[in-house]
Amino acid sequence: MAQFVDWDLAAATAGALSKSGPRVAYAEAAEVVSELRRLTDEAAGHVADYTGLRSQVAHPPVRVVDRRDWAATNIAGLREVITPLVGRLSGDKQPGPLTEAIGSRVTGVQAGTVLAYLSGRVLGQYEVFSGDPGQLLLVAPNIVEVERKLGADPRDFRLWVCLHEVTHRTQFTSVPWMRAYFLGEVQAFVDASQGGEHLVERLRRGVATLSDAVKDPESRASVLDIVQTPAQRAVLDRLTALMTLLEGHAEFVMDGVGPQVIPSVERIRAGFNRRRESGNPLEKAIRRLLGVDVKMRQYAEGRKFVHGVVDRVGMDGFNKIFGSPLTLPRLDELGDPDAWVARVHGPAGATPTVG
């Protein structure tokens, strides 16, 4: 089978380029790991009580990782998904040995470079690629680094992060079809391409674009160049709607639970928002190319949508959104909660708010 990425080289590159993080004594590091595990369990109770969503499947305990482990885990997950997809695209045809060796190694270095950069930015993640039902990752060095930069209370900031990431775990483990639906849309994106080998090359250029941006913030290329057909845009619209919902829901839960259990939550939120909006030229270029600027808008748009639906039909009514893929919001409904309520609950479904 043709190899799109030299995954071993990607992992080695990410490991070599990942920074170690803030200086932390061994005893303090052990305490951070212990507290993050405890706070994850605490957050799980708060999220379940607030949302009414209960896990339907067993899930492994949280993994508290460093930057290299985070990158290695994501590489392993991407390998599980991308390798068979590329095999289908290429019809399992083998390119020439020199072409495969050079192409896969170049892409491996580029992918490792991107993941090394991201490994220093991500606080937590619910990783769904590497296995069912997924795994919750918390990147301890990044959490400690950010809480120090914000001057935040460590316990409060760590619980705040856990609330967000545990909400994502709850979304996938309380809705058994969610992971399969997400992976199915990734598959649909590939199936909607025009010309398998051509898409493989476009994917390579997309990875190269991101890698170049890490080194050259003046780059103006876009990874959206890999979107080539109307059918792919339709899939991308569905994925955008889904991710906006999931991110907005996590933000809504953080803001709903936070004031009840985190004394300094307003200070943390204000400081974190400033951190999101700031950044040096390199960080701003990477955010644009990776779609992080879009994701920041998703946080706000998604939170506003969830708030609007809960205002109209309550939390139980909102949870009908997870009934099936057909009840997920369409892209145009994210700015119009009434349209989603009318479609899913019927015209008389909304309960007007008083005030």
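Calculation criteria
Residues numbered from 1 in each chain as written. Predicted model: local features only at pLDDT ≥ 70, side-chain atom pairs only at ≥ 80, totals over all residues. Heavy atoms only, no water. Buried < 20%, exposed > 50% of the residue type's maximum accessible area, 1.4 Å probe, protein only. Helix = DSSP H or I, 4+ residues; strand = E, 2+ residues; numbered from the N terminus. Pairing = 2+ DSSP bridges. Core = buried A, V, L, I, M, F, W, Y, C linked by side-chain atoms within 4.5 Å. Contact = heavy atoms within 4.5 Å. Axes fitted to C-alpha atoms, helices over the stretch in contact; angles between N-to-C directions. Phe/Tyr/Trp six-rings, centres within 6.5 Å; stacked < 30°, edge-to-face > 60°. Parallel < 35°, antiparallel > 145°, perpendicular 65-115°, else oblique. Nonpolar A, V, L, I, M, F, W, Y, C, P; charged D, E, K, R; others polar. Polar contact = N/O pair within 3.5 Å; in protein donor to acceptor, adjacent residues only side chain to side chain. Salt bridge = Lys/Arg side-chain N within 4 Å of Asp/Glu carboxyl O.

A. Representation of the pairing of strand 3 (residues 135-139) within the structure. Here strand 3 lies mainly inside the structure; 5 of its 5 residues are buried. Side-chain alternation along strand 3 places Gln-135, Leu-137 and Val-139 on one buried face and Leu-136 and Leu-138 on a second face that is also buried. The pairing of strand 1 (residues 63-65) with strand 3 spans 3 bridges and is parallel. Paired with Val-64 across the bridge in strand 3 is Leu-138. Relative to strand 3, strand 2 (residues 124-127) is paired through 4 bridges, and the arrangement is antiparallel. Looking at strand 3, one finds that Tyr-126 is bridged to Leu-136.

B. Geometry of the nonpolar core. In this structure, Phe-157, Trp-160, Phe-318 and Phe-322 are the most contacted members of the largest nonpolar core, which totals 59 residues. Looking at this core element by element, the count peaks at 11 residues for helix 9 (residues 230-261). Not counting residues within four places of it along the chain, the set of residues in contact with Trp-160 comprises Met-254, Ile-262, Val-265, Ile-268, Arg-269 and Phe-272. One finds Val-5, Val-65, Trp-70 and Leu-115 within the second-largest nonpolar core, a separate group that totals 16 residues.

C. Fine view of the sheet that holds strand 1. Here 3 strands make up an open sheet; going across it, the order is 1-3-2 and the pairing mixed. Pairing within the sheet leaves two strands with one partner each, and these edge strands are strand 1 and strand 2. Sheet twist, expressed as the average angle between the axes of neighbouring strands with direction ignored, equals 25°. Set on the sheet, helix 6 (residues 154-174) makes contact with strand 2 and strand 3; between it and strand 2 the angle comes to about 10°.

D. Quick peek at the packing of aromatic side chains. In the structure shown here, the tally under the stated rule is 9 aromatic pairs. Between Phe-157 and Phe-272, the aromatic rings sit 6.4 Å apart at their centres with planes inclined by 50°, giving tilted as the arrangement. Taken together, the residues Phe-157 in helix 6 and Phe-272 in helix 10 (residues 265-277) connect sequence positions 115 residues apart. Put simply, the rings of Phe-157, Trp-160 and Phe-272 pair up and form one aromatic cluster.

E. Seen up close, the packing of helix 2 (residues 26-51) against helix 5 (residues 140-150). Contact pair helix 2 / helix 5: the axes reach a minimum separation of 11 Å and the direction vectors enclose 100°. Taken together, the axis directions place helix 2 and helix 5 in an arrangement best described as roughly perpendicular. Each of Glu-28, Val-32 and Leu-36 in helix 2 lies in contact with helix 5, whose residues at this interface are Ala-140, Ile-143, Val-144 and Arg-148. Among the residues forming the contact of helix 2 with helix 5, the class breakdown is 5 nonpolar, no polar and 2 charged.

F. Structural view of helix 5. Inspection of helix 5 places Ala-140, Pro-141, Asn-142, Ile-143, Val-144, Val-146 and Glu-147 among the buried residues, and these make up the whole buried set. Looking one or two residues past helix 5, Gly-151 carries a phi angle of roughly 65°, positive in sign.

G. Representation of the side chain of Ser-264 in the model. Positionally, Ser-264 belongs in the loop between helix 9 and helix 10. A distance of 2.6 Å separates polar atoms of two side chains, one belonging to Ser-264 and the other to Asp-156. Beyond its immediate stretch of four places on either side in the chain, Ser-264 contacts Asp-153 and Asp-156.

H. The arrangement of the pattern of salt bridges in detail. The full count for this structure, using the stated rule, is 17 salt bridges. With a closest N to O distance of 3.1 Å, Arg-269 and Glu-251 form a salt bridge. Note that Arg-269 is positioned in helix 10 and Glu-251 in helix 9, a separation of 18 residues in sequence. The residues Arg-269 and Glu-251 share a single accessibility class, namely buried. The salt bridge involving Arg-269 is made with Asp-255; its shortest N-O contact spans 2.9 Å. Separated by 14 residues along the polypeptide, Arg-269 in helix 10 and Asp-255 in helix 9 bring together distant segments of the chain. A relative accessible area of 12% places Arg-269 in the buried class. Ionic contacts of the salt-bridge type, sharing partners, join the residues Glu-35, Arg-38, Glu-42, Glu-147, Arg-155, Asp-156 and Arg-158 into one network.

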